[in-house]
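Working through the structure, step by step
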Amino acid sequence: MSKIIRVEKWHDVIYSMWIKAPQIAMKVQPGQFIILMIDEKGERIPLTVADYNREEGWVQVVFQTAGTSTMKLTQMSIGDELFSFVGPLGKPSEIKKYGTVITIGGGTGIACVHPITRALKEAGNKVIAILGARTKELIIMEEEMQEASTELNITTDDGSYMRKGFVTEVLKEILQREKNVRKVWAIGPAIMMKATCAVVKPFGIDVIVSLNAIMVDGTGMCGSCRVTVDGQTKHTCVDGPEFNGHLVDWREFMNRLKRYTELEKLSLKMYEKQCQRK
Ligand SMILES: Cc1cc2nc3c(=O)[nH]c(=O)nc-3n(C[C@H](O)[C@H](O)[C@H](O)COP(=O)(O)OP(=O)(O)OC[C@H]3O[C@@H](n4cnc5c(N)ncnc54)[C@H](O)[C@@H]3O)c2cc1C
Ligand code: FES
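Note that the structure is a prediction, hence the values are computed from the model and not measured.

**A few points about the pairing of strand S2 (residues 14-20)**
Regular strands place side chains that alternate from one sheet face to the opposite one. The element S2 is extensively covered by neighbouring structure, given that six of its seven residues are classed as buried. Examined bridge by bridge, strand S1 (residues 2-11) and S2 share six bridges and lie antiparallel to one another. Bridge pairing links Val7 to Met17 in S2. Pairing of S2 with strand S5 (residues 58-64), which is carried by seven bridges, proceeds in the antiparallel orientation. Its bridge partner lying in S5, Trp18 is registered against Gln60.

**Considerations on the sheet that holds strand S3 (residues 33-37)**
Within a sheet, each strand pairs with its neighbour through backbone hydrogen bonds, oriented either parallel or antiparallel. Spatial strand order, S6-S1-S2-S5-S4-S3-S7: seven strands in an open sheet with antiparallel pairing. Of all strands in the sheet, those bounded by a partner on one side alone are strand S6 (81-82) and strand S7 (84-89). Docked against the sheet, helix H3 (residues 109-122) engages strand S4 (45-53) and S5, running at close to 40 degrees with respect to S4.

**Some details on the layout of surface pockets**
If you add up the space inside the second largest pocket, you get close to 160 Å³. As for the second largest pocket, its lining consists of Lys91, Pro92, Ser93, Glu94, Lys183, Trp185, Ile208, Asp239, Gly240, Glu242 and Phe243. Within the residue set of the lining of the second largest pocket, elements represented by two or more residues are strand S12 (181-187) and strand S16 (242-244). For the lining of the second largest pocket, the class distribution of residues is four nonpolar, two polar and five charged.

**As for the sheet that holds S12**
Across the sheet, seven strands lie side by side as S11-S10-S9-S8-S12-S13-S16; this open sheet has mixed pairing. The sheet terminates laterally at strand S11 (163-164) and S16, the two strands that pair on one side only. With six bridges joining them, strand S9 (residues 126-133) and strand S10 (residues 151-156) adopt parallel strand pairing. From the neighbouring strand, Ile130 faces S10, where its bridge partner is Asn153. Along the sheet, H3 contacts strand S8 (100-106), S9, S12 and S16; its crossing angle with S8, the most-contacted strand, is approximately 165 degrees. Running at roughly 160 degrees to S12, helix H6 (residues 190-200) makes contact with S8, S12 and strand S13 (206-210) of the sheet.

**Concerning the nonpolar core**
Note on soluble globular proteins: their nonpolar side chains tend to be buried together. Judged by nonpolar contacts, the single largest core of 35 residues is most densely connected at Ile102, Ile104, Val209 and Leu211. Broken down by element, this core gets its largest block of residues, six residues, from H6. Shared between two domains, this core holds at least three residues of each, these being domain 1 (2-89) and domain 2 (93-206). Counting residues in each nonpolar core, the second largest holds 25 residues, with Ala129, Ile139, Met145 and Ile187 among its members.

**Here we look at the environment of Leu47**
Checked against the element boundaries, Leu47 lands in strand S4. Residue classification places Leu47 among the buried positions, given a relative accessible area of 10%. With 142 residues separating them in the primary sequence, Leu47 and Pro189 have C-alpha atoms 14 Å apart. Setting aside residues no more than four positions away along its own chain, Leu47 makes contact with Phe33, Ile34, Leu36, Val61, Val62, Phe63 and Leu73.

Basis of the calculations
- Residues numbered from 1 in each chain as written.
- Chains lettered and ligands numbered in written order.
- Predicted model: local features only at pLDDT ≥ 70, side-chain atom pairs only at ≥ 80, totals over all residues.
- Heavy atoms only, no water.
- Buried < 20%, exposed > 50% of the residue type's maximum accessible area, 1.4 Å probe, protein only.
- Helix = DSSP H or I, 4+ residues; strand = E, 2+ residues; numbered from the N terminus.
- Pairing = 2+ DSSP bridges.
- Contact = heavy atoms within 4.5 Å.
- Axes fitted to C-alpha atoms, helices over the stretch in contact; angles between N-to-C directions.
- 1 Å grid on protein atoms, 1.4 Å probe; cavity = no way out; pocket = protein on both sides within 12 Å on 5 of 7 lines; lining within 4 Å.
- Points joined across faces, edges and corners; volume = space filled by probe spheres on them.
- Nonpolar A, V, L, I, M, F, W, Y, C, P; charged D, E, K, R; others polar.
- Core = buried A, V, L, I, M, F, W, Y, C linked by side-chain atoms within 4.5 Å.
- Domains from an automatic or database assignment.

Below, the structure written as structure tokens:
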């Protein structure tokens, strides 16, 4: 059991939660994730660690409501206990001094890219961050990202805040301006990560993406999270979640994300009916 010590609603669909988890807080590294269960019968929900405090023993996660389980998670409040909170899982990001690097966060991917950005700056890199979201209200952790990066750029699809357009447009300009970019991290919707790879490829720079494949056990046993990278089968939970984006089979990855869509819709309908009856 892990206690929720703080909850904040940042938007209709975005919540942040701080969980007391001293052992995870002690070990977690940027790029890693946890898997939580709300109750004994609940689904396992993988979420990337957005922040942590080793001394105070807490871990922060940020989530967007996507279906039944994340909707149920919004009903949890301070003092409630999660049935399980397991981690840190996955391989940490490769943090070292590269020189100039770019980190890109799209939507809740901003929370995932936050500890990576901070660690890269602490390692002595010039870190140019680009945040993007559909609209102003969905830009999260702006202050934290300002502090974590050397230069911060923000885009919104509808132009309601900062620059209008996609992160990839700003990225292209930065790559044309900065001649020494050594690596790019991109975390967000699959389509954003794929588009980022396409923009970066002509510049001959590596792009690291964090794949949110559908996970069940999180231990490399069930095969649910398998992806093809450089023609080889990899398990996102143990071999990732970060991979070289230029080598990912994006078509397969995006198709596999949709494989339970009908069941997910049905589950959400049943949950909403249940809530109405209460
Ligand atoms: C390594 C990793 C890190 C993630 N980090 C974050 C994060 O920091 N913040 C955030 O908002 N979301 C994150 N996700 C996605 C999050 O786990 C899903 O949105 C959540 O599990 C959806 O569950 P649901 O029942 O609410 O939705 P459902 O209705 O079950 O599904 C909606 C969509 O969510 C995805 N999904 C569903 N079940 C899973 C599952 N078991 N594993 C992965 N994806 C699933 C699928 O794309 C699906 O189409 C991460 C996923 C992975 C694999
Ligand atoms: S979630 Fe089962 S193998 Fe990765």
